[in-house]
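Architecture and fold: a report
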Amino acid sequence: MKHATTFVLLFALLFPGFYTNAQVQTASVPNNLTRIETKEGTWLFSMYPKDIIKATFIPIGSERNEQLSDAVIAKPVIEKATMQQFSDRKNYSWSNGTSVDVTENGLLFHISGGKVISLQSSFYNNDNRGFRFSLTNGEKIFGTGERSISLNRRGYRLNLNNAPAYGYSLNAEALNFSVPFILSSELYAIFFDNPSKGYLDIGKTDPSVLEYGVSSGELSFYIIPGAAYESVLEAYQSLVGTAPLPPRWSMGNLMSRFGYSSEKQTKEIIAAMKKDSVPFDAVVFDLFWFGDSIKNTMGNLSWVNKKAWPDPKKMIADFKRQHIRTILITEPFVLKTSLNYEQSKHLLAVDSTGNPYTLQEFYFGKGGIIDIFRKDAQQWFYSKYKAQMDIGVTGWWGDLGEPEKHPADVYHNLKDIGFNRKFAADEVHNIYGHYWSKMLAENFRRDYPSQRLFHLNRSGYAGTPRYSSFPWSGDVSRSWDGLKSQLPLIQGMSISGIPYIHSDAGGFAGGEGDWELYVRWLQFAAFTPIYRPHGTALGVIEPAVKDIPSEAALWPEPTRTRARNAAVLRYQWLPYNYTLTYLQATKGKPLITPMFFQNRNDSNLYKAADQYMWGDEVMVVPIIERAQKARTFYVPFGKWTNLSNMQTFVGPRWVTDSSINYEAIPVLAKEGSFIPFMPGLMSTDDYSKGILTVLYNPSAQPSSYTLYEDDGSDANALKNKQFEITSFHCDGMKQSSTFTITSNGGRYKGRVENRKMIIAITNMKQGPTSVTIDGKKIAVDKMWRADNKSINIPVVFQHRKTIIQVNF
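Here's a quick rundown of the structure. (Residues numbered from 1 in each chain as written. Predicted model: local features only at pLDDT ≥ 70, side-chain atom pairs only at ≥ 80, totals over all residues. Heavy atoms only, no water.)

Quick notes on the pairing of strand β4 (residues 82-85)
Direction of pairing for β4 relative to strand β5 (residues 90-93): antiparallel, over a ladder of 4 bridges. Within β5, the residue paired with Gln84 across the bridge is Asn91. Where β4 hands over to β5, the hairpin turn is made up of 4 residues, counted between the paired strands. (Pairing = 2+ DSSP bridges. Helix = DSSP H or I, 4+ residues; strand = E, 2+ residues; numbered from the N terminus.)

Next up, the structure:
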């Protein structure tokens, strides 16, 4: 008890007056906790892998301090801190070098890398509780989830409140998916694990203070250190989990609109897409699958309009034969006018008297919201999914899951999670979508253990991606400012641990049918995690609303060809993009990162916020202005090649590309990179039939790349080692260069034994004088392509070490 007593005195120094006359309790302490009990409350400290430290404060007499979050899945390290007394402080330390100092000026966390994080104070009252941390001069703060503001959040007071914003564009400070996570330019992160509504005041009220406050729930935070931005983010992902591998088809083109109103209309559009050779892998049905109007049908969750949908099972089967998956929308609201209200009202959230809560001012109609925290409500809701999957539905789209309408006087029952009292909406609001995704994922895993789930859901919480949730950025304005808003939004979400964020490509709300905006948005979307053109096109449902198609085939030329080419490009990049999903699932690497991840010490990279990295090898520079003929962007250190015209740029410097046209946006590969392509795909199902082209961008330095492949659908591919890793290496371009291709020997269903490849070496001044593959000379006369100054070397890879020698 000696150390515990001493620690109480330390806190008396830290918070004079707040911790006076502290008394130590005698309860036993688990081996993974360092615990201090005081007159005012209890502090708990524990270590997690990757040198992450957790701190929890429980004020005595506090109410509503339950932990409702299951975000953290990592297990704490079994170790208590040891205490040392110094003249100016007392120190609690762990064997990894992490320590906590208590001084007269505050609580100091010493984390790996020699960094010190200062907690000035905690605060608590019945309506507001939280922490205040010091910010250093020049420190930048990133993260916090979905917002279309500056990537550096310092100077903002941001609500932690999942909130829809119809028709938003730039400068939207609160959107559908908030995450209480901040990433500092000082190479640490803090995750505040509390899903109730709150705020982050990041130097707005006091420029030197980061204040976090919530109205309810446990006061816990995790400090996450790292040697670089990437390692901090990957440590955070190890704490809350990574996104599992998606089905490969979801990385193709998803045909979508608001919305298809009949089988006849849908098939006509599919026929047009096929006629014009626009590749796509799925069709997404909005709310007209369960009703013939926008209002008063939500909650039907069944094909009620037999005239519009005479035989859904046959329709879905017809689609499947064409390699087209069916995705249906659902919402967690059941309206009084729906087929299911009476049978479900005992499963809805309630009012203060315990009666089903009736939403009176909900846009779609009067009704209730499913109490997603109850097991019986979950199983009822899931039964509606299962009925559709039984007739062939492949994927899901969860909408309005913030929830969109969630008044403060709605109450939820969390007994099945282990809590006996009723919880008000504000206490559970930010985690509602998370539990929805969890419900679907866990039931799907039970019923379809070998299949991968695809679930679009626009809202959630930290850790939601591990439930195969693929969020989009909500009802963005169909405008140039709407397009611009996606750049800070997707980057901010990506570095908040939400890797599959994407947009309604082309824009959703309003608009005048601007063909150029549509093309530029699709060209950008081809290099985002999910490619799903989607917008309002209501047709006969709402004739007064301008009908703007999201499908490439329905636009006139030359827009049609340009939009088709964006989809074709998406399919060409499938091997590279699919490998990014593997890196997320296994290492927690984001698919998208801001430019400053390349070099945190280059101040210009922080300014280059309208461009981003797609994986580690590729830089994307979207065109975001109408009639733009030239584009200024920043080139990081090294040599970069624009893949659309093979123009090269050497950095670090700002450059202006004056060769901008309507056919492509600048997409640049860094020197030494290997980019795997698959030309000619019309469906992801044809992946194994294609010829793999691996584009090598020359560098004098050695470089490598790892390609991941599996059958594209097995949920247990990683666990059962049903995959192949193919590695490409070059020892550097010189007079004689060696390329080595190796395999881990992995096998999976559909693997091609004699894999045809082309190794394409770009930006060469001349063709080779000789080429050998495993010591055998091959003809070189047809390898050189003078039109694009490349060398194309054909290879038949038999999944064993292959050495290519190129001489000049």
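Next comes the rest of the write-up.
Focus on helix α8 (residues 432-447)
Compared with the 22 Å implied by 1.5 Å per residue over 16 residues, the 23 Å span of α8 between its first and last C-alpha is a close match. Burial analysis of α8 places 12 of its 16 residues in the buried class, which makes it a mostly covered element. All of the buried residues in α8 are Tyr432, Gly433, His434, Tyr435, Trp436, Ser437, Lys438, Met439, Leu440, Ala441, Asn443 and Phe444. (Expected span 1.5 Å × (residues − 1). Buried < 20%, exposed > 50% of the residue type's maximum accessible area, 1.4 Å probe, protein only.)

Re the nonpolar core
In this structure, Phe191, Ile224, Leu239, Trp614, Phe728, Ile793 and Ile804 are the most contacted members of the largest nonpolar core, which totals 217 residues. Excluding anything up to four places from it in sequence, Ile804 contacts Ser737, Thr738, Phe739, Ile741, Ile759, Val771, Thr772, Ile773, Ile793 and Val795. If you look at the next biggest cluster of nonpolar residues, it comprises 37 residues, including Val100, Val102, Ile182 and Ile190. (Core = buried A, V, L, I, M, F, W, Y, C linked by side-chain atoms within 4.5 Å. Contact = heavy atoms within 4.5 Å.)

Here we look at the sheet that holds strand β30 (residues 631-642)
Sheet architecture is open: 6 strands sit in the order β27-β28-β29-β32-β30-β31, paired in antiparallel fashion. In this open sheet, the two edge strands, each paired with only one partner strand, are β27 (592-594) and β31 (648-657). Along the sheet, successive strands turn relative to each other by an average axial angle of 30°, direction set aside. Relative to strand β28 (residues 612-614), β27 runs antiparallel, the two sharing 3 bridges. (Axes fitted to C-alpha atoms, helices over the stretch in contact; angles between N-to-C directions.)

Observations regarding the environment of Asn642
Relative to the helices and strands, Asn642 resides in strand β30. Judged by its relative accessible area of 2%, Asn642 is buried. Sequence separation of Asn642 and Trp303 is 339 residues, and the distance between their C-alpha atoms is 48 Å. If sequence neighbours within four positions are ignored, Asn642 has contacts with Gln647, Phe649, Asp657, Pro666, Val667 and Leu668.

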